[in-house]
Protein chains: 2
Amino acid sequence: MPAGGGAKARERQESQRVRILEAARKCFSEKGFHGAAMSAIAKEAGMSQGLIYRYFASKAAIIQAITEEQRARRTQDLCAIATFDDLVDKLVEKLHRWRAGDEDDTFDPALFLEISAESSRDPEVAAMVAEQEREISADFADIVRRDAQSRGLELSEEALRCRTMTLRCLVDGVITACVRDPNMDCAQVGTSLRRVLARLGA
Amino acid sequence: MPAGGGAKARERQESQRVRILEAARKCFSEKGFHGAAMSAIAKEAGMSQGLIYRYFASKAAIIQAITEEQRARRTQDLCAIATFDDLVDKLVEKLHRWRAGDEDDTFDPALFLEISAESSRDPEVAAMVAEQEREISADFADIVRRDAQSRGLELSEEALRCRTMTLRCLVDGVITACVRDPNMDCAQVGTSLRRVLARLGA
């Protein structure tokens with residue numbers, strides 16, 4: 001973000017930053033990371049490309065900012081989850097929102113997959129995804145611990161690692177499946193996950 | 001593929017087709033679906049762009065041909081799988097090959113994610129992914145049936161659907177995790193999946 005200025009200037013800068021991120025989200029969702037040019041984002045935001053570059057040095061920097069917003073939202077969501085059943089409820093609710101194209105939900109499953117693919121080619125994106133993975137793993141480990149506590153179980157480090165890995169693969173898999181199969185039966189996903197997680201947690 | 005010609009002409013056409021697909025795989029792997037231009041594929045294949053268009057009308061058509069090859073390979077791999085343990089062995093073997101960038105393995109996990117994302121935007125790609133999803137689901141349902149048989153269990157239709165969905169999410173999740181975290185512990189993936197699938201199958 002451009003430096004300097006008083007409170008009013010900072011306010012205007014923050015509102016421009018928000019406008020750029022909203023425009024970028026819309027363009028990425030319609031065209032994808034590669035398909036959305038900086039010029040299209042500028043047009044959508046109603047400002048010059050030069051001005052956008054004063055806030056974000058690259059598309060990767062915009063993605064990073066969007067990811068940080070999502071991180072804050074995810075932390076808030078996950079803190080409220082005490083058991084695997086809560087997690088499945090949340091995930092099924094999210095599936096419905098993603099399918100409905102709910103604009104209040106800043107997470108875009110297709111963009112998540114595209115950015116994941118991009119991380120195998122672009123070191124800047126790779127560093128961002130690696131950081132995100134560490135955070136997600138820690139969040140999932142917390143859920144595994146809380147679920148075990150709710151059942152009065154004490155987990156070994158090995159059991160914690162195994163369950164965290166399984167949870168992470170299941171959730172990533174639901175996101176991938178929801179993009180690949182837009183007609184996926186959300187209730188069936190809920191029933192399937194509930195069953196396997198009940199056994200995982202037992 | 002261009003029509004007409006005798007046996008010799010057909011042989012030459014088939015070898016050109018193979019050369020285009022090899023070049024495309026290399027370009028897609030390095031640059032991604034969007035990053036790899038038809039001109040770059042032509043250059044890599046050592047032929048004119050015009051000639052490539054006589055074989056494939058679009059990048060989506062090339063991806064379709066690559067996907068069909070993968071389909072043949074997958075069917076072969078999955079037929080040999082009788083139990084969930086066999087599936088995990090195969091998956092861990094694949095993880096090691098993907099990580100090593102084994103060129104004999106025509107499946108590219110990052111490209112899989114990128115094409116999945118693209119299916120949310122391009123109807124031609126969406127149709128291809130939908131067809132692939134039907135096949136994969138049928139293959140996974142067969143594995144669930146064979147695993148149950150190996151344990152002397154008879155599954156209800158509902159149990160079959162649940163287990164197939166879970167298996168599909170787990171495998172898609174492993175592919176996604178392997179792209180997002182190139183340092184993922186493959187042995188840990190194996191242990192985690194073996195445990196959860198033992199419970200799923202019980």
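This is a predicted model, so every value here is computed, not measured.

Rules used throughout
Residues numbered from 1 in each chain as written. Chains lettered and ligands numbered in written order. Predicted model: local features only at pLDDT ≥ 70, side-chain atom pairs only at ≥ 80, totals over all residues. Heavy atoms only, no water. UniProt positions renumbered as here; feature names shortened; annotations may be inferred. Helix = DSSP H or I, 4+ residues; strand = E, 2+ residues; numbered from the N terminus. Contact = heavy atoms within 4.5 Å. Buried area = accessible area lost by both parts, 1.4 Å probe. Salt bridge = Lys/Arg side-chain N within 4 Å of Asp/Glu carboxyl O. Buried < 20%, exposed > 50% of the residue type's maximum accessible area, 1.4 Å probe, protein only. Phe/Tyr/Trp six-rings, centres within 6.5 Å; stacked < 30°, edge-to-face > 60°. Lys NZ or Arg CZ within 6 Å of the ring centre and 35° of its normal. Axes fitted to C-alpha atoms, helices over the stretch in contact; angles between N-to-C directions. Parallel < 35°, antiparallel > 145°, perpendicular 65-115°, else oblique. Left-handed = near helix turned anticlockwise from the far one by under 90°. Nonpolar A, V, L, I, M, F, W, Y, C, P; charged D, E, K, R; others polar. Disulfide = S-S within 2.5 Å. Least-squares fit on C-alpha atoms with pLDDT ≥ 70 in both. Domains from an automatic or database assignment. Polar contact = N/O pair within 3.5 Å; in protein donor to acceptor, adjacent residues only side chain to side chain. Expected span 1.5 Å × (residues − 1). Bend = angle between axes of the 7 residues up to and from the residue.

Asks: Hey, could you go over the UniProt feature "domain: HTH tetR-type" (unreviewed entry) in chain A for me, with residue numbers and the actual values?
Replies: According to UniProt, the "domain: HTH tetR-type" (unreviewed entry) feature falls on residues 14–74 of chain A. For residues 14–74 of chain A, the end-to-end C-alpha separation is 22 Å, with 87% helix and 0% strand making up the annotated structure.

Asks: Talk me through the interface of chain B and chain A; I want residue IDs and the actual numbers.
Replies: Contacts between chain B and chain A engage 49 residues on the former and 49 residues on the latter. The junction of chain B with chain A conceals about 4,000 Å² of combined surface from both sides, 58% of it contributed by carbon and sulfur atoms. Looking at the side of chain B facing chain A, the largest losses of area belong to Arg121, Arg180 and Arg199 of chain B, adding up to 21% of the total buried there. Linking chain B with chain A are 8 salt bridges, by the criterion used here.

Asks: Let's hear about the pattern of salt bridges: which residues, and what values?
Replies: All names here are of chain A. Evaluation of the coordinates by the stated rule reveals 44 salt bridges over all chains. Residue Lys90 pairs with Glu93 through a salt bridge whose shortest N-O separation is 3.7 Å. Note that Lys90 and Glu93 are positioned in helix α5 (residues 84–99) at a spacing of 3 residues, about one turn of the helix. Overall, the relative accessible area of 35% leaves Glu93 in the partly exposed class. Residues Arg151 and Asp147 are paired through a salt bridge, measuring 2.7 Å at the closest nitrogen-oxygen approach. Classification of Asp147 as buried rests on a relative accessible area of 1%. Salt bridges sharing partners connect three or more residues here, namely Asp77, Lys90, Glu93, Lys94 and Arg97.

Asks: Just give me the short version of the packing of aromatic side chains, but keep the residues and values in it.
Replies: Residues and elements named next belong to chain B. Under the counting rule described, the total for this entry stands at 6 aromatic pairs over all chains. A ring pair is formed by Phe28 and Phe33, whose centres lie 5.8 Å apart and whose planes are at 35°; its orientation type is tilted. In this structure, Phe28 and Phe33 share a single accessibility class: buried. Between Phe107 and Phe112, the ring centres sit 5.4 Å apart and the planes meet at 50°, which makes this aromatic pair tilted. Considered together, Phe107 and Phe112 belong to a single accessibility category, that of buried residues. A cation over a ring is seen here: Lys59 above Phe33, with NZ or CZ 5.0 Å from the ring centre.

Asks: Tell me about the packing of α5 of chain A against helix α8 (residues 157–180) of chain A, and please be specific about residues and values.
Replies: All names here are of chain A. Taken N-terminus to C-terminus, the directions of α5 and α8 make an angle of 15°; their axes are 11 Å apart at the nearest point. When the interaxial angle is binned, α5 and α8 end up roughly parallel. In terms of crossing hand, the pair formed by α5 and α8 is right-handed. Contact residues: α5 offers Phe84, Leu87, Leu91, Leu95 and Trp98, while α8 offers Leu167, Val171, Val174, Ile175 and Cys178. Residues of the contact of α5 with α8, tallied by class, amount to 10 nonpolar, no polar and no charged.

Asks: Please provide a residue-by-residue account of the state of the cysteines, values included.
Replies: Residue and element names in this part refer to chain B. Applying the stated rule across the entire model yields 0 disulfides over all chains. In this model Cys162 remains outside any disulfide bridge; the closest cysteine sulfur is found in Cys169, 11 Å from its own. This cysteine, Cys186, is not joined by any disulfide, and Cys178 carries the nearest cysteine sulfur, 7.5 Å off.

Asks: Could you give an account of the relation of the copies chain B and chain A, with specific residues and numbers?
Replies: Once chain B is rotated about the relating axis by 180° and shifted along it by 0.0 Å, it coincides with chain A to within an RMSD of 0.0 Å. Read as a symmetry element, the transformation amounts to a two-fold axis. Residues of chain B ranked by C-alpha distance from the rotation axis are headed by Gly173 of chain B, positioned 1.8 Å from it. Same-surface contact between copies: 100% of interface residues of chain B are shared with the interface of chain A.

Asks: A description of the domain arrangement of chain A should follow, citing residues and the corresponding values.
Replies: Residue and element names in this part refer to chain A. Assigned domains of chain A: these are domain 1 (1–56) and domain 2 (60–200). Placing a centre on the C-alpha atoms of domain 1 and another on those of domain 2 gives a separation of 28 Å. Tallying the contact residues gives 13 residues for domain 1 and 13 residues for domain 2. Roughly 1,200 Å² is buried in total at the junction of domain 1 and domain 2, and carbon and sulfur atoms are behind 71% of that figure. Of all residues in domain 1, Arg25, Phe28 and Phe33 bury the most surface against domain 2, accounting for 52% of the area lost on that side. Joining domain 1 to domain 2, the criterion identifies 1 salt bridge. Ionic pairing is found between Glu69 and Arg25, a salt bridge with its closest N-O pair at 2.8 Å. Across the domain 1-domain 2 interface, the total number found is 4 residue pairs in polar contact (both at pLDDT 80 or more).

Asks: Kindly report on helix α1 (residues 7–35) of chain B, identifying the contributing residues and their values.
Replies: Residue and element names in this part refer to chain B. End to end, α1 covers just 36 Å across 29 residues, shorter than the expected 42 Å (1.5 Å per residue, more than 12% under). Roughly 85° is the biggest bend found in α1, and it falls at Ser29. Looking at α1, one finds that the buried residues are Ala9, Gln13, Gln16, Ile20, Leu21, Ala23, Ala24, Cys27, Phe28, Gly32 and Phe33. Among the structural elements, α2 (38–45), α3 (49–55), α4 (59–79) and α6 (109–118) are those in contact with the buried residues of α1.

Asks: For the environment of Arg163 of chain B, give the residues involved together with the corresponding values.
Replies: All names here are of chain B. Turning to its location among the elements, Arg163 is positioned in helix α8 (residues 157–180). Its relative accessible area of 9% is what places Arg163 among the buried residues. Put simply, Arg163 and Gly6 are 157 residues apart on the chain and 50 Å apart in space, counted from C-alpha to C-alpha. A distance of 3.3 Å separates the side chain of Arg163 from the backbone oxygen of Leu200, its partner in a polar contact.

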